[in-house]
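Residue-level structural notes
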Amino acid sequence: MLLDIFDPKAPPRAIGIDLGTTNSLVAYVKNECPTVIADCHQTSLLPSAVHYGDRGDVVVGADALLRAAAHPRDTIVSVKRFMGRGADDPETRRLAPYAFVAPKAGDANVVRFGVAGRVVTPVEVSAEILRALKRLAEDELRSLGGAVITVPAYFDDAQRQATRDAGRLAGLEVLRLINEPTAAALAYGLEKKQNGLFAVYDLGGGTFDVTILVLDNGVFQVKSTGGDSALGGDDMDAILAEELFALAHRDARAATPSEVRVVLDVARRVKHGLTTAPEVEIDNPLGSVPATMLFTRARFDELVRPLLARTGTACKRALRDAETKAESLDGVILVGGSTRVPAVRAFVEQLFGKAPLADIDPDQVVALGAAIQANVLSGAGNPDDVLLLDVTPLSLGIEVGGGVVDRVLPRNTTTPAAARAAYTTQEDNQTGFEIHVVQGERELAADCRSLARFTLRGIPPMAAGLARLEVTFRVDADGLLSVHAREERTGIEQAVDVKPSYGLDDDTVEQMLIDAIDHGEADLDARRLAEARVEAHRIGRSTQKSVDDDPSLLFEGERERIAFALAHLEQAATGADPRTIQLRIDDLDTATKSFAERRMNRAIAMAIEGQRLDQVERTVEHAKGIEAAHGSPLPPPAPDDALASFANHPKPEVER
């Protein structure tokens, strides 16, 4: 008999968790070597399945999968596909046998499952999986420290926040969220002691990531990342399931939840069988004609070819963003159980022109890397041995004048990072700033994803251009965003942690990037027009105010000429040609030039009257300072509130 001897005074041990779509794992560092934790059956893979019983009992793992066929609505599998998604997301309805519950008025727009007489969210389901992993680790280690949990690199803010919330709900101290490809590279780089430029091709059960990074003596610097948060082995299963329904002459849309679950389970077994055999024959799970069905690897390869093509598009974009080529790579690391499929490995070899590296178990490598990072963050490991430098997958910015986007943190910015930018007002007597935070690559805010809106109120009324708003964006090591705004003159400030209540819908991040390229020229034209209209509005309003304030300085016929130029500018601003607007602005400048000079001369004379020369010099320097401090003005204020809006400003200053 083997005795488990442990030190009751041993310090808590940090763990790394790979919260996967199909399977999940937990690992820790033992004798300076990352090790996955196995259960009493010596199995390290915990199926990511949760069954809810009629009596309130919850079953997780393999036992839950056994109940899936008989209780398809009460057994949730592949919950990772639903993390951070909206209740109206089409992805939630695709071949899913669940009972979805619509949110009530006032509730957050998140997916809800109706199970065994109650309602649960993906966060709660994921928390059950994490609790099971926590218990497994406690059986091995007795006392736990914090946990590092992995997420797909292309998870957005909502999906990352949902994962962190699930960890907290499970009773874990979440030390950090780490991108799955980065974790895999961490395990690979330290295990193999290799340096160089690598691509990590991560195809799991429900998500796909590709990351280009440099390994250099313990420094892991991500150059670019790409992928699709709704693409993985589950999609292969769904394609095979649809093929099986077709062979059985059945309409998948008319199938019962039990039939859908049974067929999906059979499709997964067929996929696994074709990984090692050229063909697989099965009994018809629907009990109809034909009695048996034959699936060949050649047919399967044909069915999944479009899915692999989607991964190839993301890989090429990641290489381009990293400003490198496939032939410059020192290796391609395979991650995720779906990379065991022969068609996937053949595709990767053809795409990158070299045989991929898969000598570390692709199912375990992410958990092993998470364990290494957890060991470092807990203080048990040497922090000098590992330095992770990740990047933001999408640009972050705010809506400015005319509805255009001002990018504060561009995509592929190394994280953690911060950037600040200064803005001012374009309306007199505004008493607040409305700040709209967006994420995406399009030029107009309406075409990007809205992350948060908040208002900075209580600003004393000032003339346009005098208020100065400084906005700071910070992205932490988990990839989560916080925004801080401060009005410089009054010191009034407000901060917000961006926590969206739902994730990306079928318009995945990858599609957002594609749209940015496809609509690039049109978006730039729209931006130029919006900015020209904002400038026309600002100049026109300022000119009219000057004429009304100082009519005595106008020469004969000058008021009429200015009014004529203002009318033409107003008419041009309603059109769709920014060049015409600029020409009308130039015409107005010509018409007001002499009048503006007379106003300036009078203002200077009044300012220096009775002052010594040194006082005059200080006044001029102060005026220059105010002029230099002003960013460009902020979108027109809401009609029922004096809220400021944003326009162009100097390039944001990025801190790392």
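A quick note: this is a predicted structure, and the numbers were derived from the prediction, not measured.

**As for the overall build of the chain**
Looking only at helices and strands, one finds 14 helices and 29 strands in the chain. Burial analysis of the chain (656 residues in total) assigns 52% to the buried set. Carbon and sulfur atoms provide 51% of the accessible area of the chain, an area that totals close to 29,700 Å².

**Let's talk about the packing of helix 5 (residues 233-247) against helix 7 (residues 297-321)**
Angle between the axes and distance between the axes: these two values describe a pair of packed helices. Where helix 5 contacts helix 7, the two axes come as close as 10 Å, and the packing angle between them is 130 degrees. Relative to helix 7, the element helix 5 is oriented oblique. When you trace helix 5 past helix 7, the crossing you get is right-handed. Listed contacts from helix 7 to Asp235, Met236, Ile239, Leu240 and Glu243 of helix 5 are Arg299, Phe300, Leu303, Val304 and Leu307.

**With respect to the packing of helix 7 against helix 8 (residues 342-352)**
Contact geometry for helix 7 and helix 8: axes closest at 9 Å, N-to-C directions at 40 degrees. Between helix 7 and helix 8, the angle is such that the two are oblique. Of the two elements, helix 7 crosses helix 8, and the hand of that crossing is right-handed. Counted together, Arg297, Asp301, Val304, Leu308, Ala309, Thr311, Gly312, Cys315, Lys316 and Leu319 of helix 7 and Pro342, Ala343, Val344, Phe347, Leu351 and Phe352 of helix 8 form the full contact between these two elements. Residues that form the contact of helix 7 with helix 8 fall into these classes: 11 nonpolar, 2 polar and 3 charged.

**Comments concerning the pairing of strand 1 (residues 13-18)**
Most of strand 1 is tucked away, with 5 of its 6 residues classed as buried. Pairing geometry for strand 1 and strand 10 (residues 144-151), over 4 bridges, is parallel. Among the inter-strand pairings, isoleucine 17 is bridged to a residue of strand 10, identified as isoleucine 149. Pairing geometry for strand 1 and strand 2 (residues 23-30), over 3 bridges, is antiparallel. Looking across to strand 2, one finds that glycine 16 is bridged to alanine 27. In sequence, strand 1 turns back onto strand 2 through a hairpin of 4 residues.

**Focus on the pattern of salt bridges**
Counting across every chain of the model gives 23 salt bridges. Here arginine 310 and aspartate 228 are joined by a salt bridge, their closest N and O atoms 2.7 Å apart. You can see arginine 310 sitting in helix 7 and its partner aspartate 228 sitting in strand 14 (residues 219-228), a full 82 residues away along the chain. The shortest N-O distance in the salt bridge between arginine 420 and glutamate 470 comes to 3.8 Å. With arginine 420 in strand 22 (residues 417-424) and glutamate 470 in strand 25 (residues 468-475), this pair connects stretches of sequence that are 50 residues apart. Beyond isolated ion pairs, a larger network of salt bridges with shared partners links Arg81, Asp234, Asp235, Asp237, Arg268 and Lys271.

**Some remarks on the sheet that holds strand 7 (residues 75-77)**
Strand order across the open sheet formed by 3 strands is 6-5-7, with antiparallel pairing between neighbours. The two strands at the open ends of the sheet, each matched to only one other strand, are strand 6 (58-60) and strand 7. Neighbour-to-neighbour, the strand axes of the sheet open up by a mean angle of 15 degrees, direction not taken into account. Summarising the sheet, strand 5 (residues 49-52) and strand 6 pair through 3 bridges and their orientation is antiparallel. Bridging from a neighbouring strand, valine 50 pairs with valine 60 of strand 6. Contacts from helix 2 (residues 122-141) reach strand 5, strand 6 and strand 7 within the one sheet, and its direction differs from that of strand 5 by about 110 degrees.

**A word on helix 7**
In an α-helix, one turn spans 3.6 residues; hence positions three or four apart end up facing the same way. Taking 1.5 Å of rise per residue, 25 residues should cover 36 Å, and helix 7 covers 34 Å from first to last C-alpha, within 8% of that figure. Its axis deflected by about 45 degrees at arginine 305, helix 7 carries its strongest bend there, up to four residues before the proline proline 306. Three or more residues of helix 7 are buried, namely Phe300, Leu303, Val304, Leu307, Leu308, Thr311, Gly312, Ala314, Cys315, Arg317, Ala318 and Leu319. Phi for glutamate 323, located one or two positions after helix 7, is positive at around 55 degrees.

**Describing the environment of alanine 69**
Of note, alanine 69 is situated in the loop between helix 1 (62-68) and strand 7. Measuring from C-alpha to C-alpha, the distance between alanine 69 and aspartate 265 comes to 8.5 Å, with 196 residues separating the pair along the chain. Contacts of alanine 69, omitting those with residues within four sequence positions, involve Ser258, Arg261 and Val262.

**Overview of the side chain of histidine 51**
With respect to the helices and strands, histidine 51 occurs in strand 5. The class of histidine 51 is buried, set by a relative accessible area of 6%. For histidine 51, the side chain forms a polar contact with the side chain of threonine 75, separated by 2.9 Å.

What counts and how
Residues numbered from 1 in each chain as written. Predicted model: local features only at pLDDT ≥ 70, side-chain atom pairs only at ≥ 80, totals over all residues. Heavy atoms only, no water. Helix = DSSP H or I, 4+ residues; strand = E, 2+ residues; numbered from the N terminus. Buried < 20%, exposed > 50% of the residue type's maximum accessible area, 1.4 Å probe, protein only. Areas by Shrake-Rupley, 256 points an atom, 1.4 Å probe, with all protein chains shown as cover. Axes fitted to C-alpha atoms, helices over the stretch in contact; angles between N-to-C directions. Parallel < 35°, antiparallel > 145°, perpendicular 65-115°, else oblique. Left-handed = near helix turned anticlockwise from the far one by under 90°. Contact = heavy atoms within 4.5 Å. Nonpolar A, V, L, I, M, F, W, Y, C, P; charged D, E, K, R; others polar. Pairing = 2+ DSSP bridges. Salt bridge = Lys/Arg side-chain N within 4 Å of Asp/Glu carboxyl O. Expected span 1.5 Å × (residues − 1). Bend = angle between axes of the 7 residues up to and from the residue. Polar contact = N/O pair within 3.5 Å; in protein donor to acceptor, adjacent residues only side chain to side chain.

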